[in-house]
There are 2 protein chains.
Amino acid sequence: MTDTDFEQQCINTVRALSIDAVQRANSGHPGAPLGAAAMAHVLWTRFLRHNPANPGWSNRDRFVLSAGHASALLYALLYLTGYDLSLEELKGFRQWGSRAAGHPEYGLTPGVETTTGPLGQGFANGVGMAIAERWLASRYNRPGHTVVDHYVYAIVSDGDLQEGLSSEAASLAGQLGLGRLIYLYDDNSISIEGPTQLSFTEDVGARFRSYGWQVVGPIDGMNPQEVEVAVREAREDINHPSLVICRTIIGYGSPHKAGTARAHGEPLGEEETALTKINLGWKAEEPFHVPPDVLSYFREALSRGQKQTENWDSAMKSYSSAYPEEARQLEAQLRGELADGWDEGLAALFLSAEKPMATRVASGAVLNRLAPRIRSLLGGSADLAPSTKTLLDGEGDFGPADYSGRNLHFGIREHAMGAIANGMAVHGGVIPYTATFLVFYDYMRPAVRLAALMGIRVVFIFTHDSIGVGEDGPTHQPIEQVMGLRSVPNLTTIRPADATETAMAWVAAIENVHGPTALVLTRQSLPVLDRGVYASAEGVLRGGYSLWQTSDSPDLLMIATGSEIHLALEAARILADRGINLRVASMPSWELFEAQPQDYRESVLPSAVRARISVEAGITLGWERYAGLDGKAIGIDRFGASAPGPELYRRLGLTPDRIVQEALQVLKGGGY
Amino acid sequence: MTDTDFEQQCINTVRALSIDAVQRANSGHPGAPLGAAAMAHVLWTRFLRHNPANPGWSNRDRFVLSAGHASALLYALLYLTGYDLSLEELKGFRQWGSRAAGHPEYGLTPGVETTTGPLGQGFANGVGMAIAERWLASRYNRPGHTVVDHYVYAIVSDGDLQEGLSSEAASLAGQLGLGRLIYLYDDNSISIEGPTQLSFTEDVGARFRSYGWQVVGPIDGMNPQEVEVAVREAREDINHPSLVICRTIIGYGSPHKAGTARAHGEPLGEEETALTKINLGWKAEEPFHVPPDVLSYFREALSRGQKQTENWDSAMKSYSSAYPEEARQLEAQLRGELADGWDEGLAALFLSAEKPMATRVASGAVLNRLAPRIRSLLGGSADLAPSTKTLLDGEGDFGPADYSGRNLHFGIREHAMGAIANGMAVHGGVIPYTATFLVFYDYMRPAVRLAALMGIRVVFIFTHDSIGVGEDGPTHQPIEQVMGLRSVPNLTTIRPADATETAMAWVAAIENVHGPTALVLTRQSLPVLDRGVYASAEGVLRGGYSLWQTSDSPDLLMIATGSEIHLALEAARILADRGINLRVASMPSWELFEAQPQDYRESVLPSAVRARISVEAGITLGWERYAGLDGKAIGIDRFGASAPGPELYRRLGLTPDRIVQEALQVLKGGGY
């Protein structure tokens with residue numbers, strides 16, 4: 001067998017495993033693995049620097065399958081190269097309990113670098129990884145000591161490139177000159193509705209050149225030699241990200257479905273699978289067959305990887321000798337460790353504040369206090385830093401002129417911002433934060449969802465959190481967004497009521513290593529509560545707490561968050577003056593509260609007390625959880641309007657007087 | 001005064017009015033109006049075919065201010081050219097009750113074609129308008145009778161072009177060859193964080209050429225002669241959309257803020273406003289000054305517009321004589337009228353269905369039944385038509401080869417799809433629908449929100465609405481999306497339980513002219529309920545109804561939607577067999593239900609009955625509205641998993657047995 005024949009056999013092994021897995025599952029996407037196997041094979045056997053026995057090695061090259069529906073391809077490679085993913089699991093593709101999940105899932109499957117499937121996400125995640133790489137390299141590499149220098153490879157599809165998300169990320173990657181980013185575009189001219197001609201006729205190469213990318217090809221993406229030459233060319237230009245346009249045939253090998261949309265999203269069928277395998281020189285009747293010499297060849301990744309990590313270990317050793325402090329810091333960052341005392345003084349930071357302060361301003365102060373103590377913290381905003389108060393003072397701008405800058409400028413690209421932050425987080429070594437106005441959370445929902453699904457530490461800062469935005473009007477006033485954040489599983493949302501709660505919210509956010517945290521902050525100034533009068537803001541860490549009360553056995557519960565706490569307190573004092581026995585509970589984070597033991601929750605919101613009022617400047621949907629059928633949720637169940645913020649609060653009925661009236665009604669059993 | 005001087009005076013009038021309005025409001029964006037006034041002036045006085053006295057004239061050119069933050073500029077033009085917007089309202093810019101709202105709002109202000117502000121939306125809306133124009137032109141124009149042929153102009157900003165949304169829309173516009181689309185790019189090199197160099201260095205012209213656009217310029221966007229020549233050039237190429245790159249200076253005229261980010265988003269200040277006006281040759285002390293000859297000149301738009309509409313009226317008259325039927329149809333479409341009997345037979349369509357049917361399949365059948373009866377109905381999907389069942393049989397594909405096609409191929413561009421549909425709806429003459437998987441609602445949330453805010457008739461179809469998606473796993477399984485739809489004010493969400501309810505859901509969607517409707521449909525087959533046994537599906541039109549019960553005074557209420565109705569019914573029969581007196585309420589649309597009179601709602605969900613169970617394959621957040629503190633909301637408060645759909649239902653506890661157990665617990669007063 002010639003080298004070329006053997007290589008083809010390796011590629012066909014990947015193809016056959018993929019379509020066998022899809023056929024066994026009777027579900028999945030055979031077309032992309034058949035078309036892209038050669039590209040993947042070349043990347044994985046000739047370029048990818050990785051150690052299947054140590055998938056957490058920090059300086060490995062990252063491989064992103066942005067076309068996540070081609071998951072079977074990735075699982076085949078993971079199995080073949082020796083990751084902890086067995087052939088049995090591949091046989092259980094897409095079944096309950098198998099780590100060969102429907103789409104690649106970060107945290108579930110060793111070797112999967114990020115969760116992909118929703119198109120464009122992997123593309124942007126890779127940009128985040130490349131940012132993290134450059135930033136760590138710039139911070140830690142020293143002359144003669146290069147301890148951070150890896151590539152980020154991806155396979156991206158037509159669908160990835162049609163999504164606006166990838167346009168945003170690509171434009172930014174070009175601007176940033178991320179030369180270690182090399183994306184292979186699986187250009188197969190087919191999408192679900194038919195030929196891409198139906199909706200995608202743009203000149204992709206010219207588009208990427210306009211972003212400042214190096215574009216290689218088009219090449220024959222099914223010819224391994226061409227792919228190898230192209231990737232080498234891509235690697236040579238270290239100042240520009242590269243797109244290698246690989247022409248492929250979707251469903252290659254399938255006699256009746258190759259080159260058509262029918263190869264995309266459903267199994268080929270028993271018969272067609274058999275015919276395809278025969279076409280590829282395979283035996284139809286032996287599913288999951290792997291020729292032993294092919295397996296041995298792929299498994300060389302283990303010894304190669306072992307050597308690569310050993311080399312890196314010794315580089316680190318020498319680095320540690322020369323730069324012990326830097327080495328210690330880098331290692332701590334890579335482990336995600338925080339320095340002792342990182343949160344020192346935060347609880348007291350605003351206790352003696354005398355003037356009202358917007359929680360976005362308080363957040364900015366906390367962030368700048370944290371930045372010197374948490375070296376891994378970096379981030380930025382979608383062109384709103386002066387408003388979101390997220391600039392790190394005295395730190396540079398991240399960019400080709402200075403990759404050590406900690407201030408990222410994402411541009412007006414919220415979706416890419418979120419997905420890039422996710423990529424940074426899964427890369428490791430950094431704690432990313434993002435910022436925009438809360439209403440624009442809608443522009444980045446898919447990325448926030450994926451952060452939650454992946455369970456990664458990203459801090460999403462959202463300011464201008466209500467009709468308090470004022471004159472910009474309903475397009476800029478969040479109404480359903482706070483509840484929208486709460487609706488996402490594994491996302492912790494915190495809407496602090498004042499500066500002191502904001503400081504504690506940051507503590508909770510940094511401590512949350514199992515999922516993202518959304519900080520929801522005001523544009524407008526709020527009183528800083530006197531914690532001599534009100535309960536300590538440490539209650540934020542429990543999500544909700546009794547802030548003020550007339551007695552331990554209240555007849556009325558008032559539950560509020562953020563800026564509306566101050567309205568609730570005003571109303572509460574009026575009611576208290578009328579002799580009503582009540583409690584105001586601050587509930588900045590439902591998720592943290594609901595994670596508390598039942599007795600704590602009962603102590604804050606006694607279930608026997610059914611006269612309940614909730615107050616939040618957003619939709620009431622969801623507040624019935626706490627208000628109940630006998631209580632009253634006060635909120636805003638319409639869009640906002642253009643007017644100064646204080647006037648809007650009055651016009652839309654968010655006033656102490658209204659709260660008092662509703663409370664009296666509820667106490668009467670008013671029939672809500 | 002020379003013509004040039006007079007023109008400059010006109011432009012400066014627009015500038016001065018804008019900054020006076022911003023200063024009076026002490027809120028707003030002076031920079032863009034100062035920079036873009038010349039561009040806007042040239043468009044409005046030399047090109048825009050419109051009639052300020054008749055803003056609803058169907059064949060007017062559309063003007064979209066995609067950079068909605070420059071709203072003061074638009075209001076100045078509306079006032080000057082004679083729209084029903086007084087100088088007094090301009091003086092009340094951004095205040096409660098003024099139609100000169102913070103950002104332009106469709107439906108609020110005559111002459112505002114679409115609501116803009118969230119960047120990229122106006123850009124994509126314009127593409128939708130141009131699609132509607134071409135489609136109506138292709139359907140109705142006849143040789144010698146051109147009754148539809150207008151342009152769509154827009155002013156777009158750096159921010160618009162950075163958003164991925166505009167990339168999606170631009171790529172599609174290029175593909176579609178929408179030559180009547182002419183966008184002026186206000187290229188001022190400044191965004192909020194500073195020079196656009198910080199995050200936006202791509203070659204915009206090359207990027208748009210790659211999409212198939214004609215690119216004109218860069219020109220000096222503050223020189224009216226250059227703008228005029230460029231727009232003429234743009235208009236000449238009728239086969240490609242045009243981007244005219246206009247270099248401008250943000251805050252032009254402001255001695256201390258011009259060309260800087262400080263001119264963008266806050267008033268110049270009293271003193272700087274005065275200095276700017278002096279710079280422009282204005283008197284500082286006369287706010288809202290309009291030279292009489294300038295006003296007369298702008299007001300010529302009224303007589304010009306009058307003549308244009310008269311010409312069109314006579315063209316329509318002649319068209320009516322030659323093509324009476326077509327004229328009648330076109331006029332009915334433009335008025336949004338439906339033919340009598342459009343919904344005939346829908347209620348009965350599936351009554352004798354014998355096999356289970358996915359609601360997406362039922363929806364496809366209904367859509368194809370409606371299409372011949374509702375000529376204005378057209379739409380498509382984000383490359384998922386075979387799955388969303390949204391292809392119109394026997395209808396062509398909309399594109400340069402056939403602009404009369406009713407099947408749109410949006411490509412994998414959900415966000416643009418939504419915003420384009422919005423543009424089609426505000427254009428008039430068409431009823432657009434879109435389709436994608438429910439989980440990808442997240443990719444298009446901002447567009448759906450704007451449809452709701454604008455109160456326009458768009459049908460958003462979302463299929464694959466739960467973990468019933470199965471093997472594709474958590475990235476593709478909606479969890480929080482159904483409740484997310486319900487969270488948007490003025491959006492009607494309908495999740496039908498079977499084919500018959502689906503038909504009624506379509507009736508409700510088409511009848512809803514004051515806002516968008518989201519149809520939430522299953523991937524998996526569902527039994528078609530025997531309406532001899534169960535209550536009539538006409539109850540869908542009231543949002544919720546008693547579907548099945550053991551008596552009129554139940555002790556237990558079970559409330560469910562969509563596919564979970566069938567689980568609830570199974571559980572209900574088991575409970576009924578045990579002698580429990582209960583009712584199953586189908587609640588496909590909370591919004592329609594909550595719009596019913598109190599006595600109807602009480603008749604379906606008697607408030608005295610507190611033993612309540614809700615069942616839906618999504619988050620429970622929000623269901624407490626109906627379940628109450630003493631009931632139990634059964635749902636899924638985690639992400640899904642990869643496995644076949646039926647297995648996931650079992651694994652995640654959505655089974656009749658579980659429902660029975662929870663119901664028994666609730667009946668006991670189980671302390672939930």
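Just so you know, these numbers come straight off a predicted model, no measurement behind them.

All names here are of chain A. Here Ser-242 lies in strand S7 (residues 242-247). Look at Ser-242 and you get buried, because its relative accessible area is 0%. Here the side chain of Ser-242 touches Ala-234 through a polar contact of 3.3 Å, landing on its backbone oxygen. If we skip the residues at most four places from it in the chain, Ser-242 touches Leu-181, Ile-182, Tyr-183, Trp-213, Gln-214 and Ala-234.

What follows deals with the packing of helix H5 (residues 121-140) of chain A against helix H15 (residues 414-427) of chain A. Residues and elements named next belong to chain A. One can describe the packing of H5 onto H15 by two numbers: an axis separation of 6 Å at closest approach and a directional angle of 55°. The pairing of H5 with H15 is recorded here as oblique in orientation. Crossing angle aside, the handedness with which H5 passes H15 is right-handed. Counted together, Gln-121, Ala-124, Asn-125, Val-127, Gly-128, Met-129, Ile-131, Ala-132, Glu-133 and Leu-136 of H5 and His-415, Ala-419, Ile-420, Asn-422, Gly-423, Met-424, Val-426 and His-427 of H15 form the full contact between these two elements. For the contact of H5 with H15, the residue count by class is ten nonpolar, seven polar and one charged.

Another point: the interface of chain B and chain A. At the junction of the two partners, chain B supplies 103 residues and chain A supplies 103 residues. Summed over both partners, the interface of chain B with chain A buries about 8400 Å², with 56% contributed by carbon and sulfur atoms. Per-residue buried area on chain B facing chain A is highest for Trp96(B), Glu193(B) and Arg449(B); these three make up 11% of the total on that side. The interface formed by chain B and chain A holds eight salt bridges in total. For Glu480(A), the salt bridge identified is with Arg449(B), shortest N-O distance 2.9 Å. Remark: the boundary between chain B and chain A carries 62 residue pairs in polar contact (both at pLDDT 80 or more). Considering each element in turn, the side of chain B that touches chain A owes the most residues, seven residues, to helix H7 (residues 164-176) of chain B. Looking at the side of chain B that touches chain A residue by residue, the class counts come to 41 nonpolar, 34 polar and 28 charged.

We now examine the packing of aromatic side chains. All names here are of chain A. Here the structure, examined in full by the defined rule, presents 46 aromatic pairs over all chains. Measuring from centroid to centroid gives 6.1 Å for Phe-123 and Phe-208, while their planes differ by 50°, and the two rings are tilted. Taken together, the residues span a long stretch of sequence, with Phe-123 in helix H5 and Phe-208 in helix H8 (residues 204-210) at a distance of 85 residues. Look at Phe-123 and you get buried, because its relative accessible area is 0%. Stacked on the ring of Tyr-151, the Lys or Arg Arg-235 has its end atom at 4.3 Å from the ring centre.

All right, on to helix H2 (residues 31-47) of chain B then. Residues and elements named next belong to chain B. Here H2 is 17 residues long and its end C-alpha atoms lie 24 Å apart, about the 24 Å a rise of 1.5 Å per residue gives. Along H2, the sharpest kink reaches roughly 55°, centred on Ala-37. Within H2, 16 of the 17 residues are buried, which leaves the element mostly enclosed by the surrounding structure.

Before going further, it helps to spend a moment on the relation of the copies chain B and chain A. Each copy of the sequence occupies a distinct position, and chain B is placed on chain A by a rotation of 180° and an axial shift of 0.0 Å, giving an RMSD of 0.0 Å. Both copies are brought into coincidence by an operation consistent with a two-fold rotation axis. A shared binding surface is used by both copies, with 100% of the interface residues of chain B retained as interface residues in chain A.

Moving on: the domain arrangement of chain A. With domains assigned, chain A is organised as domain 1 (3-304), domain 2 (357-526) and domain 3 (542-669). The C-alpha-based centres of domain 1 of chain A and domain 3 of chain A are spaced at 52 Å.

The next point concerns the sheet that holds strand S20 (residues 632-634) of chain B. Residues and elements named next belong to chain B. Ordered by their spatial adjacency, five strands build an open sheet running S16-S18-S17-S19-S20, and the pairing between neighbours is mixed. Strand pairing shows two members of the sheet lacking a second neighbour, strand S16 (545-549) and S20, which therefore form its edges. Strand-to-strand, the axes of this sheet are offset by a mean angle of 25°, without reference to chain direction.

On to helix H15 (residues 414-427) of chain B, then. The terminal C-alpha atoms of H15(B) lie 20 Å apart, and with 14 residues this matches the ideal 20 Å at 1.5 Å per residue to within 8%. Of all 14 residues making up H15(B), 14 are buried, and the element is well covered by its neighbours.

The bulk of non-glycine residues show a negative phi, and the bulk of peptide bonds are trans. Residues and elements named next belong to chain A. Along the chain, Gly-217 connects to Pro-218 via a cis peptide bond; the corresponding omega equals 5°. By the secondary structure assignment, Pro-218 is in strand S6 (residues 214-220). In the Ramachandran plot, Ser-189 falls in the positive-phi region, its phi being about 65° despite a non-glycine side chain. Residue placement: Ser-189 occurs in the loop between strand S3 (181-187) and strand S4 (190-191). A positive phi angle, close to 60°, is found at His-464, a residue other than glycine.

Moving on to the pattern of salt bridges. Residue and element names in this part refer to chain A. If you walk through the whole model with that rule in mind, you get 66 salt bridges over all chains. Between Arg-328 and Glu-325 there is a salt bridge whose closest N-O contact spans 2.8 Å. Placement of both Arg-328 and Glu-325 in helix H12 (residues 324-335) is noted, with a separation of three residues, approximately one turn of the helix. Look at Glu-325 and you get partly exposed, because its relative accessible area is 37%. The salt bridge involving Arg-495 is made with Glu-564; its shortest N-O contact spans 2.7 Å. Taken together, the positions of Arg-495 in the loop between strand S13 (492-494) and helix H18 (499-511) and Glu-564 in helix H19 (residues 564-577) put the pair 69 residues apart, joining distant regions of the chain. Residues Arg-495 and Glu-564 agree in their burial class; the two are buried.

The subject of this paragraph is the state of the cysteines. If you walk through the whole model with that rule in mind, you get zero disulfides over all chains. Sulfur of Cys10(A): no disulfide; nearest cysteine sulfur belongs to Cys246(A) and is 19 Å away.

Residues and elements named next belong to chain A. Within strand S12 (residues 459-463), five of the five residues are buried, leaving the element largely enclosed by the surrounding structure. Burial along S12 is two-sided: Val-459, Ile-461 and Thr-463 facing one way and Phe-460 and Phe-462 facing the other are all buried. Of the pairings in the sheet, the one linking strand S11 (residues 431-437) to S12 comprises five bridges and is parallel in character. Across the sheet, the residue bridging to Thr-436 is Phe-462, located in S12. One crossover worth recording links S11 to the parallel S12 by way of helix H16 (residues 445-454), and it is right-handed. Across four bridges, S12 lies against strand S14 (residues 517-520) in parallel orientation. Paired with Phe-462 across the two strands is Val-520, which belongs to S14.

What counts, and at which threshold
Residues numbered from 1 in each chain as written. Chains lettered and ligands numbered in written order. Predicted model: local features only at pLDDT ≥ 70, side-chain atom pairs only at ≥ 80, totals over all residues. Heavy atoms only, no water. Helix = DSSP H or I, 4+ residues; strand = E, 2+ residues; numbered from the N terminus. Buried < 20%, exposed > 50% of the residue type's maximum accessible area, 1.4 Å probe, protein only. Polar contact = N/O pair within 3.5 Å; in protein donor to acceptor, adjacent residues only side chain to side chain. Contact = heavy atoms within 4.5 Å. Axes fitted to C-alpha atoms, helices over the stretch in contact; angles between N-to-C directions. Parallel < 35°, antiparallel > 145°, perpendicular 65-115°, else oblique. Left-handed = near helix turned anticlockwise from the far one by under 90°. Nonpolar A, V, L, I, M, F, W, Y, C, P; charged D, E, K, R; others polar. Buried area = accessible area lost by both parts, 1.4 Å probe. Salt bridge = Lys/Arg side-chain N within 4 Å of Asp/Glu carboxyl O. Phe/Tyr/Trp six-rings, centres within 6.5 Å; stacked < 30°, edge-to-face > 60°. Lys NZ or Arg CZ within 6 Å of the ring centre and 35° of its normal. Expected span 1.5 Å × (residues − 1). Bend = angle between axes of the 7 residues up to and from the residue. Least-squares fit on C-alpha atoms with pLDDT ≥ 70 in both. Domains from an automatic or database assignment. Pairing = 2+ DSSP bridges. Disulfide = S-S within 2.5 Å. Right-handed = clockwise from strand over helix to strand, strands pointing away.

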